[in-house]
2 protein chains.
Amino acid sequence: MAETVRVVVDAMGGDNAPTEPVKGAVDAVMERSDILVILTGKQDVIEEELKKYQNYPKERIQVVNTTEVIETAEAPVMAIRKKKDSSIVVGLNMVKKQEADAFVSSGSTGAILVGGQVLVGRSKGVERPPLAPLIPTEKGVSLLIDCGANVDARPSHLVQFAKMGSIYMENVVGVKNPRVAIVNNGAEEEKGNALVKETFPLLKECKSINFIGSIEARDIPAGYADVVVCEAFVGNVILKLYEGLGSTLVKMLKAGMMATTRSKVGALLVKPAMKETLKAFDASEYGGAPLLGLKGLVVKTHGSAKAIEIKHAIFQCVQFKQEKINEKIAERIGEEASPKEEKAE
Amino acid sequence: MAETVRVVVDAMGGDNAPTEPVKGAVDAVMERSDILVILTGKQDVIEEELKKYQNYPKERIQVVNTTEVIETAEAPVMAIRKKKDSSIVVGLNMVKKQEADAFVSSGSTGAILVGGQVLVGRSKGVERPPLAPLIPTEKGVSLLIDCGANVDARPSHLVQFAKMGSIYMENVVGVKNPRVAIVNNGAEEEKGNALVKETFPLLKECKSINFIGSIEARDIPAGYADVVVCEAFVGNVILKLYEGLGSTLVKMLKAGMMATTRSKVGALLVKPAMKETLKAFDASEYGGAPLLGLKGLVVKTHGSAKAIEIKHAIFQCVQFKQEKINEKIAERIGEEASPKEEKAE
């Protein structure tokens, strides 16, 4: 039998806390037997929520009482430093002390990113841990790496992102030999800003990834690459525009359909199909964005995450742990970061 | 009566040349009497096209014969230098020599951008001429500035973009006191990459624009700002993602609707309304992107532009000339670029 994976879930994080994180935890342990969930947060509140459920394996849900909550508006560095008894800090410290394998939270992105780096710590050789959400495409999903808080990356960072992203897509999402591309402002060889121009040849030399060259933003939704590499400022623009453009188009289509009687009737008929399609194309549905390159796994779920997303994020952690992704990352990055090994290659 | 504006139209540029550019020119002179169009390209080909039309004011369409054509795949700098008798180079030179007021082309973006700068030349004080397409939003259109070929801008460039964009939106598009925002990876004060952090306070100090702060990419389609300022690499990502995401969503919606009989029937009924809405939201429909800050006006239309877009681009040139946009830009930029004036402010 597979080893049990211990996942801390922040019961206080996100717009729907504590209801949805707690429900996600219960659903997860009911569906799979190889999971132990540790809920961090106000014990009485969490226990009140847990009372809603009867037939779940109670021995596989633990509660760790924490008295503080980090709000989204707080400055991340300060919050992590001061609120030592918050659901985020306590949860991340459990991963650091290896009392847990992973941490899932829908709380403050900034605090999770800072806390992940400061408390859990980077894997050996990793220069900058990227936040890498899965985004929907015509063909399935792609990994957009990096969308983190640290902008103005160096070429060596992007090369590491490409490697870590490849390992993730191959082992967690199950894409064989994932195609890696760098976001660029054109397909021609001479295109690119200074960062892309410097990074491009380094990626080309990289034997451990399947680098296919530049990708224009136009081709990202079509799914031309599995691992979409970019600097975090650009990644943020892509991720947010995905959200904004999707919701604006839907709003406009709905309004457009209400303009005539004919289309009003049609709208009723197409509504279920439209809803289904748009759901499949909602970036927030794939809410579990891993923060890669740490000594443990940290997963950021969307601020408005529902139980199903939390459950999926927990499953993602199990896959991550059982597939030994961190060991694989540490091995590949650690190896290639050592100058001796580099020469030998 | 308003003065006649002389617009050169590249009859050889774009996927639909010469048919659509020629038709656009004919439509323009038939609709307004204050326009003279000069078509550059192979004379026999153009005259063959013109034969299709009878009742247009022939004295207001001239043809200038050129023997060469710059292809999209050619390296822009080389193409401009070598193909001196191409429709693009001859057209731009006419603007330079003030034999024409403006130049419209659906041809190679790179060649038009390079040619605009090298042949027509920059307005006094303008450091970098931006390419500024109009993008559709829930509320109408916004100006995305810069989407040009020169990336890695400096803060002073972005400040000039903000000023030029404001003048354009106010005088050509007719938005009073346009809201200017800078693309950022968050709304908080501490957010931004090095460029944005340096530019933000400069924009804040700028008295001649209505600066409203940062805009996240999510809020661009909602129309939170009229002038969206960013560096060209980021602008390119936004523009291309607009195109790609729109077409992917439509493709997926259509496929989704074909899944059940119920929605198939509905699809037939909503089709006209959907088409209308999506057309209004197609970035390429607003294809006339001006290259601002030059001594004359250069407008790049979409590579697949139809006659209606060419016609609109020609009208845009008329408005631009009659509203004396170049004089306004030269005045504001020239003034503020002079250190003496800056101190006096």
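Computed from a prediction, not measured in an experiment: that's the story for all the values here.

Student: Please explain the overall build of chain A as it appears in this structure.
Tutor: Each helix and strand in chain A was counted, giving twelve helices and eleven strands. Here chain A has a C-alpha radius of gyration of 21 Å; the compact-globule value for 345 residues is 20 Å, and the two agree. The C-alpha extent of chain A, read off along each of the three principal axes, is 70 × 60 × 45 Å. Residue pairs in contact within chain A that sit at least 24 positions apart in sequence constitute 72% of those at least 6 positions apart. Approximately 14,500 Å² of chain A is accessible, and the part contributed by carbon and sulfur atoms is 51%. Here chain A holds 45 positive side-chain charges and 45 negative ones, and the gap between their average locations is 2 Å.

Student: I'm lost on the side chain of K240 of chain A in this one. Help?
Tutor: Of note, K240 of chain A is situated in helix α8 (residues 232-257). K240 of chain A gets classed as buried once you look at its relative accessible area, which sits at 11%. Setting aside anything within four residues of it in sequence, one finds K240 of chain A in contact with N185, E216, A217 and R218 of chain B.

Student: Which parts of the structure should I look at to understand the packing of helix α1 (residues 19-31) of chain B against helix α2 (residues 43-50) of chain B?
Tutor: The axes of two packed helices give the description: the angle between them and the distance between them. All names here are of chain B. Here α1 crosses α2 at 55°, and the two axes come no closer than 10 Å. Taken together, the axes of α1 and α2 lie oblique to each other. In the packing of α1 onto α2, the handedness of the crossing is right-handed. Judged by residue contacts, T19, V22 and V26 of α1 engage I46, E49 and L50 from α2. Here the contact of α1 with α2 is built from residues that sort into four nonpolar, one polar and one charged.

Student: Would you mind showing me how to read the interface of chain A and chain B here?
Tutor: The accessible area lost on association of the parts is a frequent measure of interface size. Counting residues at the interface gives 49 residues for chain A and 49 residues for chain B. For the pair chain A and chain B, the summed buried area comes to about 4,800 Å², and 73% of that belongs to carbon and sulfur atoms. Area buried by chain A at its contact with chain B is led by F233, L241 and L245 of chain A, which between them contribute 13% of it. Applying the counting criterion to the chain A and chain B interface returns six salt bridges. With its nearest N and O atoms 2.3 Å apart, the salt bridge here joins E216 of chain A to K240 of chain B.

Student: What am I meant to see in the relation of the copies chain A and chain B here?
Tutor: Both copies of the chain are related by one operation, a rotation about an axis with a shift along it. Superposition of chain A onto chain B requires a rotation of 180° combined with a translation of 0.0 Å along the rotation axis, giving an RMSD of 0.0 Å. What the superposition gives is, in effect, a two-fold axis relating one chain to the other. Closest to the rotation axis within chain A is the C-alpha of G266 of chain A, separated from it by 2.0 Å. When the interface residues of chain A are mapped onto chain B, 100% of them again fall at the interface, so both copies present the same face.

Student: Got a minute to help me understand the pattern of salt bridges in this structure?
Tutor: For side chains of opposite charge, pairing can occur when their charged atoms come near one another. Throughout the structure, instances matching the rule amount to 30 salt bridges over all chains. Measuring nitrogen to oxygen at the nearest pair gives 3.1 Å for the salt bridge that ties K23 of chain A to D27 of chain A. Here K23 of chain A and its partner D27 of chain A are both found in helix α1 (residues 19-31), four residues apart, which amounts to about one turn of the helix. Taking relative accessible area as the criterion, D27 of chain A reaches 22% and is therefore assigned partly exposed. Where R218 of chain A meets E243 of chain B, a salt bridge forms, and the shortest distance between an N and an O atom there is 3.2 Å. Note that R218 of chain A is positioned in the loop between β8 (210-215) and β9 (227-229) and E243 of chain B in helix α8 (residues 232-257), a pairing that runs across two chains. Taking relative accessible area as the criterion, E243 of chain B reaches 22% and is therefore assigned partly exposed. Through salt bridges that share partners, E216 and R218 of chain A together with K240 and E243 of chain B make up one connected network.

Student: Can you help me understand the sheet that holds strand β10 (residues 289-291) of chain B in this one?
Tutor: Adjacent strands of a sheet form backbone hydrogen bonds with each other and so pair up, either parallel or antiparallel. Residues and elements named next belong to chain B. Within the open sheet, the six strands sit side by side as β3-β2-β1-β4-β11-β10. Their pairing is mixed. At either margin of the open sheet sits one strand with a lone partner, and together these are β3 (61-65) and β10. Shown here is a sheet whose adjacent strand axes are inclined to one another by a mean of 25°, direction ignored. In this sheet, strand β11 (residues 297-300) lies alongside strand β4 (residues 102-105) in parallel orientation, the contact comprising four bridges. Bridge pairing links V104 to V299 in β11.

Student: Sorry if this is basic, but what is going on with the side chain of H157 of chain B here?
Tutor: Residue placement: H157 of chain B occurs in helix α6 (residues 155-173). Apart from the residues within four sequence positions on either side, H157 of chain B is in contact with E127 and R128 of chain B.

Student: Would you mind going over unusual backbone geometry with me for this structure?
Tutor: Negative phi values dominate among residues other than glycine, just as trans dominates among peptide bonds. Across the junction of A17 of chain A and P18 of chain A, the peptide omega takes the value 0°, indicating a cis bond. We note that Q98 of chain B has phi near 60°; this positive angle belongs to a residue other than glycine. For Q98 of chain B, the position within the fold is in the loop between α4 (87-96) and β4. Assessed through its relative accessible area of 62%, Q98 of chain B is described here as exposed. Phi is positive for D152 of chain B, close to 55°, though the residue is something other than glycine. In this fold, D152 of chain B is placed in the loop between β6 (140-145) and α6.

Student: Sorry if this is basic, but what is going on with the sheet that holds β6 of chain B here?
Tutor: Strands sit in the order β5-β6-β9-β7-β8 (chain B) across an open sheet of five strands; the sheet is mixed. Strand pairing shows two members of the sheet lacking a second neighbour, β5 (134-137) and β8 (210-216) of chain B, which therefore form its edges. The sheet shows a mean angle of 30° between the axes of neighbouring strands, direction not considered. Two strands pair when backbone bridges link them, and β6 of chain B and strand β9 (residues 227-229) of chain B are joined in this way by three bridges, in the parallel orientation. Considered in β9 of chain B, the bridge of L143 of chain B is made with V227 of chain B. The strands touched by α8 of chain A within the sheet are β5, β7 (179-184) and β8 of chain B, with β7 of chain B carrying the most contacts at an inclination of about 125°.

Student: Help me out: how do you make sense of the nonpolar core in this one?
Tutor: The nonpolar side chains of soluble globular proteins are, as a tendency, buried together. Counting 186 residues, the largest nonpolar core has L39 and I238 of chain A together with L39 and I238 of chain B as its most contacted members. Discounting chain neighbours no more than four positions away, the residues touching L39 of chain B are V9, A11, P21, V22, A25, I46, L50, I61, Q62, V63 and V64 of chain B.

Student: Is there a simple way to explain the packing of aromatic side chains in this structure?
Tutor: The way to describe two aromatic rings as a pair is by their centre distance and the angle between their planes. One pass over the full model with this rule turns up four aromatic pairs over all chains. A centroid spacing of 6.0 Å and a plane angle of 45° characterise the contact between Y168 of chain A and F320 of chain A, whose relative ring orientation is tilted. One end of the pair, Y168 of chain A, is in helix α6 (residues 155-173); the other, F320 of chain A, is in helix α10 (residues 307-322), with 152 residues separating them in the sequence. Both residues of the pair, Y168 of chain A and F320 of chain A, belong to the buried class. Judged by centre distance (5.2 Å) and plane angle (75°), the ring pair of F200 of chain B and F211 of chain B falls under edge-to-face. Here F200 of chain B is found in helix α7 (residues 194-205), whereas its partner F211 of chain B is found in strand β8, with eleven residues between them in sequence.

What counts, and at which threshold
Residues numbered from 1 in each chain as written. Chains lettered and ligands numbered in written order. Predicted model: local features only at pLDDT ≥ 70, side-chain atom pairs only at ≥ 80, totals over all residues. Heavy atoms only, no water. Helix = DSSP H or I, 4+ residues; strand = E, 2+ residues; numbered from the N terminus. Rg over C-alpha atoms; globule rule 2.2 N^0.38 Å. Contact = heavy atoms within 4.5 Å. Areas by Shrake-Rupley, 256 points an atom, 1.4 Å probe, with all protein chains shown as cover. Lys, Arg positive; Asp, Glu negative; His and termini not counted. Charge placed at Lys NZ, Arg CZ, Asp CG, Glu CD. Buried < 20%, exposed > 50% of the residue type's maximum accessible area, 1.4 Å probe, protein only. Axes fitted to C-alpha atoms, helices over the stretch in contact; angles between N-to-C directions. Parallel < 35°, antiparallel > 145°, perpendicular 65-115°, else oblique. Left-handed = near helix turned anticlockwise from the far one by under 90°. Nonpolar A, V, L, I, M, F, W, Y, C, P; charged D, E, K, R; others polar. Buried area = accessible area lost by both parts, 1.4 Å probe. Salt bridge = Lys/Arg side-chain N within 4 Å of Asp/Glu carboxyl O. Least-squares fit on C-alpha atoms with pLDDT ≥ 70 in both. Pairing = 2+ DSSP bridges. Core = buried A, V, L, I, M, F, W, Y, C linked by side-chain atoms within 4.5 Å. Phe/Tyr/Trp six-rings, centres within 6.5 Å; stacked < 30°, edge-to-face > 60°.

Interpretation note: all reported values are geometric properties and have no functional meaning in isolation.
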